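In case you want the letters, here they are:
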Amino acid sequence: MTDLLDFTIKDLLRSFREGTLSPSEYWQAVEARIAAFEPEVAALYAYDPESARVQAAASTERWQKGETRGPLDGIPVTLKELIATKGTPVPLGTAAVELMPAAEDAPIAARMREDGAVVFAKTTCPDYGMLSSGLSSFHPLSRNPWNTTQNPGGSSAGAASAGAAGYGPLHIGTDIGGSVRLPAGWTGLFGFKPSHGRIPVDPYFVGRCAGPMTRTVEDAAWSMFTLSRPDWRDGTSLPPNDIDWMDLEIDVKGLRIGVMLDAGCGLPAEPEIKAAVLAAAKWFEEAGAIVTEVAPVLTRDMLDGLDNFWRAKFWGDIEGLSEERRAMILPYIYQWAAKGAVVTGLEAVDGFRQSIEMRKAAGKLFCEVDAVLSPTNPIVSYPADWASPTNDPEKPFEHIAFTVPWNMSEQPAASINCGFSASGMPIGLQIVGPRFADMLVLRLSKAFESWTGGVKAWPQPPS
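Residues numbered from 1 in each chain as written. Predicted model: local features only at pLDDT ≥ 70, side-chain atom pairs only at ≥ 80, totals over all residues. Heavy atoms only, no water.

**A closer look at the overall build of the protein chain**
Put simply, the rule is: To qualify as a helix, a DSSP run of H or I must reach at least 4 residues; to qualify as a strand, a run of E must reach at least 2; elements of each kind are numbered from the N terminus. Each residue is placed in one exposure class: buried if its accessible area under a 1.4 Å probe, protein chains only, is under 20% of its type's maximum, exposed if it is over 50%, and partly exposed if it falls in between. By definition in these notes, contact holds between two residues if any of their heavy atoms fall within 4.5 Å. Two residue types count as positive, namely Lys and Arg, and two as negative, namely Asp and Glu; His and chain ends fall outside the count. Think of each charge as sitting on NZ of Lys, CZ of Arg, CG of Asp or CD of Glu.
What the protein chain contains, in helices and strands, is 15 helices and 11 strands. Evaluated residue by residue, the protein chain yields a buried proportion of 61% over its 463 residues. Sequence separation of 24 or more characterises 77% of the internal contacts of the protein chain that already satisfy a separation of 6 or more. Measuring between centres, the 40 positive side-chain charges of the protein chain sit 2 Å from its 56 negative side-chain charges.

Set out below in structure tokens:
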């Protein structure tokens, strides 16, 4: 079963096509894996194995008849809880929301069904997706499969836990400040945040993206054939593309690559993380890239301004809730949000302006380099029951300093494993490219994965 669960999407599709494996047989292996891990890691919401069996059986029949729907037919997939699926409530990770069945599939869910994917569960997130943690007032505490005393990160917490535990090859998260890349870094996955608008989302917002979380670069790239189709519901959705997402070869000779070891503010990168990133940079340099250290794009004013803006916006979102409902919100989140009530209009506008300053600073940097390498996460790990790496609502965004600028600048960025700490926890390397250079990020990621061989062994089921 373990070998089967190491199959990539291409391995699975080839086996389905050749008849050596059926979607139903593969689903049985995934279902057994979930049974082994889920009591410990608590990655899933609205898990429906019976529906998955029906979907897998239908896909098996389509493969037998040669009438498959699309490039993900028969592939098990999870969607982050915030991505609506028709008929399933979207609690937004919080006990404060009244549960109502979603009226329709969000764009990502619709694309998955169109292409025959087996959507078997949603994955957990913290309250309103506002934490880099598996802690939620609604969902059970999600844990990191590498060490269940540790946090998987977030807000795509369950997606990261499910991916690292081997619940199939593809898990879709969302990311407004690092919520795909951060948990991918902490769980050894490949997490890809494409250029803003490349994957349509609903509701859309400044900096809000979605992206695949997988064990290999190729699996993420393959999913983009499905995920990148435009949808009118996202007003930032990019036009139809004819990108060959599997054209992953690259010669890095002469490519200008900047290494950013200082984010400019927030938590400093720990020594083990810096060492792993520098070792990764050495790989690129030895392959012919021109590698230089670059200064940060983020400042304290930028990060604090964004904090003010997000507090004010979020307070506006929850102010209309009854006092009883507001009391159900995770206390950490409520304490952070409550200060949004005293943010003035001018302060909120200035906070939003800081997102433009990030974009300007990022644009200037990419006049000098073709790509940037940095840590994904500044620290190796933190306890599973902490709300954030600082566990302090007065310092809520100290951990996103390496990741958030690229949301505001709308640039593609990925996290890929670049080693392990002395404690055995994964370390993430962030690779950032210019706006719309999604393929550059994927190609650099694939090159690095090829050089290193990727993660050699994944967590095993609890005894």
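**Some points on the packing of helix H8 (residues 217-227) against helix H15 (residues 438-452)**
The packing of two helices is summarised by the inter-axis angle and the distance between the axes. Heads up, the condition is: Only the contacting stretch of a helix is used when fitting its axis, a line to C-alpha atoms as for every element, and angles between N-to-C directions run 0 to 180 degrees. For classification, angles of less than 35 degrees are called roughly parallel, those exceeding 145 degrees roughly antiparallel, those between 65 and 115 degrees roughly perpendicular, and all remaining angles oblique. Helix crossings are classified by the rotation of the near helix relative to the far one: an anticlockwise turn of less than a right angle makes the crossing left-handed, while a clockwise turn makes it right-handed. Three classes are used, and their members are as follows: Ala, Val, Leu, Ile, Met, Phe, Trp, Tyr, Cys and Pro are nonpolar, Asp, Glu, Lys and Arg are charged, and the others, Gly among them, are polar.
Viewed as axis vectors pointing N to C, H8 and H15 meet at an angle of 155°, and their least axial separation amounts to 9 Å. The pairing of H8 with H15 is recorded here as roughly antiparallel in orientation. Considering the relative orientation of H8 and H15, their crossing is left-handed. Every residue of H15 that contacts H8 at Val217, Glu218 and Ala221 is listed here: Leu442, Ser445, Lys446 and Glu449. Here the residues of the contact of H8 with H15 sort into 3 nonpolar, 1 polar and 3 charged.

**Here we look at the environment of leucine 182**
Position of leucine 182 relative to the elements: it lies in helix H7 (residues 181-187). Here leucine 182 falls in the buried class, since its relative accessible area comes to 1%. Along the primary structure leucine 182 and histidine 399 are separated by 217 residues, whereas in three dimensions their C-alpha atoms are 8.9 Å apart.

**With respect to the sheet that holds strand S1 (residues 44-45)**
In plain terms, the rule: For two strands to pair, DSSP has to find at least two bridges joining them.
The strand order across the open sheet formed by 11 strands is S1-S3-S2-S4-S6-S5-S10-S11-S9-S7-S8, and the pairing between neighbours is mixed. A strand with exactly one partner marks an edge of an open sheet, and here the two such strands are S1 and strand S8 (290-293). Bridge count between strand S2 (residues 76-80) and strand S3 (residues 118-123): 5 bridges; the pairing is parallel. Residue pairing in the sheet places proline 76 in a bridge with valine 118 of S3. Against the sheet, H8 touches strand S4 (170-175), strand S5 (190-193), strand S6 (209-214) and strand S10 (413-420), its axis set at about 140° to S6.

**Here's the deal with empty space enclosed by the protein**
To keep it simple, the criterion reads: Cavity and pocket criteria rest on a 1 Å grid covering protein atoms alone: a 1.4 Å probe that fits but cannot get out defines a cavity, protein on both sides within 12 Å along at least 5 of 7 lines defines an open pocket, and an atom within 4 Å of a point defines a lining residue. Grid points are joined across faces, edges and corners, and a volume is the space filled by probe spheres set on the points.
Applying the stated criterion across every chain yields a total of 3 cavities of 30 Å³ or more. For the largest cavity, the calculated volume is near 150 Å³. Taken together, 15 residues form the lining of the largest cavity, with Gly129, Met130, Ser179, Phe397 and Ile400 sitting closest to its centre. Classifying every residue of the lining of the largest cavity by side-chain character gives 8 nonpolar, 7 polar and no charged. Considered as a void within the structure, the second largest cavity measures approximately 50 Å³ in volume. When its residues are assigned to classes, the lining of the second largest cavity shows 7 nonpolar, 1 polar and 2 charged.

**Examining the layout of surface pockets**
Of the voids in this model, the largest pocket is the one considered here, and its volume is about 660 Å³. In terms of lining, the largest pocket is formed by 26 residues, of which the most central are Leu82, Tyr128, Pro203, Arg208 and Lys313. If you list the elements that add at least two residues to the lining of the largest pocket, you get S4 and helix H10 (300-318). Looking at the lining of the largest pocket residue by residue, the class counts come to 13 nonpolar, 4 polar and 9 charged. Its volume calculated, the second largest pocket comes out at about 360 Å³. In terms of lining, the second largest pocket is formed by 23 residues, of which the most central are Arg215, Thr216, Glu449, Val455 and Trp458.

**Comments concerning the pattern of salt bridges**
When the charged atoms of two side chains lie near each other, side chains of opposite charge can form a pair. Going by this rule: What counts as a salt bridge is simple: a side-chain nitrogen of Lys or Arg found within 4 Å of a carboxyl oxygen of Asp or Glu.
Going through the model one piece at a time under the given rule, you end up with 30 salt bridges. Notably, a salt bridge pairs arginine 53 with glutamate 31, separated by 2.7 Å at the nearest N-O pair. Of the two residues, arginine 53 is situated in helix H4 (residues 49-65) and glutamate 31 in helix H3 (residues 23-41); the sequence distance between them amounts to 22 residues. With relative accessibility at 42%, the residue arginine 53 sits in the partly exposed group. The salt bridge partner of arginine 443 is aspartate 247, with a shortest N-O separation of 3.1 Å.

**Brief notes about unusual backbone geometry**
With an omega dihedral of 10°, the bond running from glycine 154 to serine 155 counts as a cis peptide bond. The residue serine 155 is located in the loop between S3 and helix H6 (157-165) in this model. A cis amide bond, omega 5°, links aspartate 202 with the succeeding residue proline 203. Looking at the secondary structure, you find proline 203 in the loop between S5 and S6. Backbone geometry at glutamate 410 places phi at a positive 65°, although glycine is not the residue there. Structurally, glutamate 410 can be placed in the loop between helix H14 (404-408) and S10. Of note, phenylalanine 436 is a non-glycine position whose phi angle comes to about 75°, a positive value. Structurally, phenylalanine 436 is set in the loop between strand S11 (426-432) and H15. Since its relative accessible area comes to 40%, phenylalanine 436 is described here as partly exposed.

**Considerations on the nonpolar core**
This is how it is decided: By nonpolar core we mean a set of buried residues, namely Ala, Val, Leu, Ile, Met, Phe, Trp, Tyr and Cys, connected to one another through side-chain atoms within 4.5 Å.
Counting residues in hydrophobic clusters, the biggest one holds 117 residues, and the most contacted among them are Met112 and Tyr167. When residues in this core are grouped by element, the largest group, 8 residues, is from H10. Contacts of tyrosine 167, omitting those with residues within four sequence positions, involve Val30, Arg33, Ile34, Phe37, Glu38, Val41, Ala43, Leu44, Phe120 and Ala162. One finds Met260, Val294, Val297 and Ala362 within the second-largest nonpolar core, a separate group that totals 11 residues.

**Re helix H13 (residues 345-365)**
Helical periodicity: at 3.6 residues per turn, an α-helix aligns residues three or four positions apart in one direction. Put simply, the rule reads: One fewer than the residue count of a helix, multiplied by 1.5 Å, yields its expected span. To obtain the arc, one takes the directions from the helix axis to the C-beta atoms.
With 21 residues, H13 should cover 30 Å at 1.5 Å per step; its first-to-last C-alpha distance of 31 Å lies within 8% of that length. All of the buried residues along H13 are Ala348, Gly351, Gln354, Ser355, Met358, Ala362 and Leu365. Taken end-on, H13 shows its buried residues confined to a sector of 95°, consistent with a single buried face. For H13, exposure combined with an orientation more than 90 degrees from the buried face picks out Gly345, Leu346, Val349, Lys360 and Lys364. Residues of H13 that are buried sit in contact with H10, strand S9 (371-375) and H14.

Function cannot be inferred from these measures alone, as they are strictly geometric.
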